[in-house]
Structure formats: C-alpha cells, structure tokens
Amino acid sequence: MRANHEELVLRNPMLGACIFWQFAKTFAEYGEDDAPTLPLFFVVSAMVFHKPTVDKAYRMNFESGILKAVSEKPDIIAGLQSRMEDFSGSTLLALQVANSADLLSRETLK
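In this text the structure is predicted, and so the values were computed from the model without any measurement.

1. Digging into the overall build of the protein chain
The secondary structure content of the protein chain amounts to seven helices and zero strands. Starting at the N terminus and ending at the C terminus, the protein chain contains elements arranged as α-α-α-α-α-α-α. The long-range share in the protein chain, meaning contacts at least 24 apart out of those at least 6 apart in sequence, stands at 61%. Here the protein chain has roughly 7900 Å² of accessible surface; of this, 59% comes from carbon and sulfur atoms.

Put into structure tokens, the structure is as follows:
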C-alpha cells in the first residue's frame, strides 16, 4: 500500500464532486439563489481537506459563519493559498466529474 493512500482516497474526484454539489446547493440557499463562482470551489477544496479547518467548523453553529471561525482560530487561513495551489488539480477533476454527472453545470456570465 502506498504511503499517501489515505490522502488519495480523501481526494477522490467523486467525493469532491459531492462536496461541491453540497456547497453549491447551500450557497444558493443562503446566497439569494446565486451560484458560486469558480474561485470559491478552490477555496472550499483547500478548506474541506484541511484537518484544523474541519475540526473547527465541525463544532460550530452553521449560522455563525467562517469569519467567526477565522477570528477564533486564525491558522485556518494560514497557508490557504498554497493549499489552493496544491489541490488545484484534484479540484478541477472533481468539478469535471460533477459536471459530467450533472451535479453541477457551468453558467456563463452576462
């Protein structure tokens, strides 16, 4: 078994597609039916696959929001840019799977 087996399972494109579908659905519910823009999926990927972020968000009330989480635990955003870059390939692959499975669809800006 490979040393990074758990990480490869975690970055499974289908799992990412399901996570992105849930994110887009929740975003539309709380964002006045607006769809999330492409860069937000990179942020979500970098946060949902980061254990300290998940640990903090898991214990929070949903309505309190990410700003409260960041103010209480600023290391959540430390290294966010590099995590976004590291996960970019798996993020794009998960978006392709979500699009192919009709979980998400691309909208053009007017």
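2. Thoughts on the nonpolar core
By size, the foremost hydrophobic cluster in this structure holds ten residues: Ala-17, Phe-20, Phe-23, Ala-24, Phe-41, Val-44, Ala-94, Leu-95, Ala-98 and Leu-104. Broken down by element, the residue count for this core peaks at four residues, all from helix H2 (residues 13-30). The residues contacting Leu-95, other than those within four sequence positions of it, are Phe-20, Leu-38, Phe-41 and Leu-104. Ala-46, Met-47, Ile-76 and Phe-87 belong to the second-largest nonpolar core, a separate cluster that totals nine residues.

3. Some words on a nonpolar patch on the surface
The grouping of Val-48, Val-54 and Tyr-58 at the surface amounts to a nonpolar patch, some 310 Å² of accessible area in total. Within the element layout of this structure, Val-54 appears in helix H4 (residues 51-58). Look at Val-54 and you get partly exposed, because its relative accessible area is 36%.

4. Description of the environment of Val-48
Take Val-48: it is sitting in helix H3 (residues 38-48). It is 9.4 Å that separates the C-alpha atoms of Val-48 and Gly-16, two residues lying 32 residues apart in sequence. Ignoring anything within four residues of it in the chain, the contact list for Val-48 reads Ile-19 and Val-54.

5. Looking at helix H7 (residues 88-100)
Counted at 1.5 Å a residue, the expected span for H7 with its 13 residues is 18 Å, and the 18 Å between its end C-alpha atoms agrees. Looking at the buried side of H7, the elements it contacts are H2 and H3. Downstream of H7 by a residue or two, Asp-102 has a phi angle that is positive, lying close to 60 degrees.

Thresholds applied
Residues numbered from 1 in each chain as written. Predicted model: local features only at pLDDT ≥ 70, side-chain atom pairs only at ≥ 80, totals over all residues. Heavy atoms only, no water. Helix = DSSP H or I, 4+ residues; strand = E, 2+ residues; numbered from the N terminus. Contact = heavy atoms within 4.5 Å. Areas by Shrake-Rupley, 256 points an atom, 1.4 Å probe, with all protein chains shown as cover. Core = buried A, V, L, I, M, F, W, Y, C linked by side-chain atoms within 4.5 Å. Buried < 20%, exposed > 50% of the residue type's maximum accessible area, 1.4 Å probe, protein only. Patch = residues over 30% accessible without salt bridge, like charges linked within 9 Å, V, L, I, M, F, W, Y side chains within 5 Å. Salt bridge = Lys/Arg side-chain N within 4 Å of Asp/Glu carboxyl O. Expected span 1.5 Å × (residues − 1).

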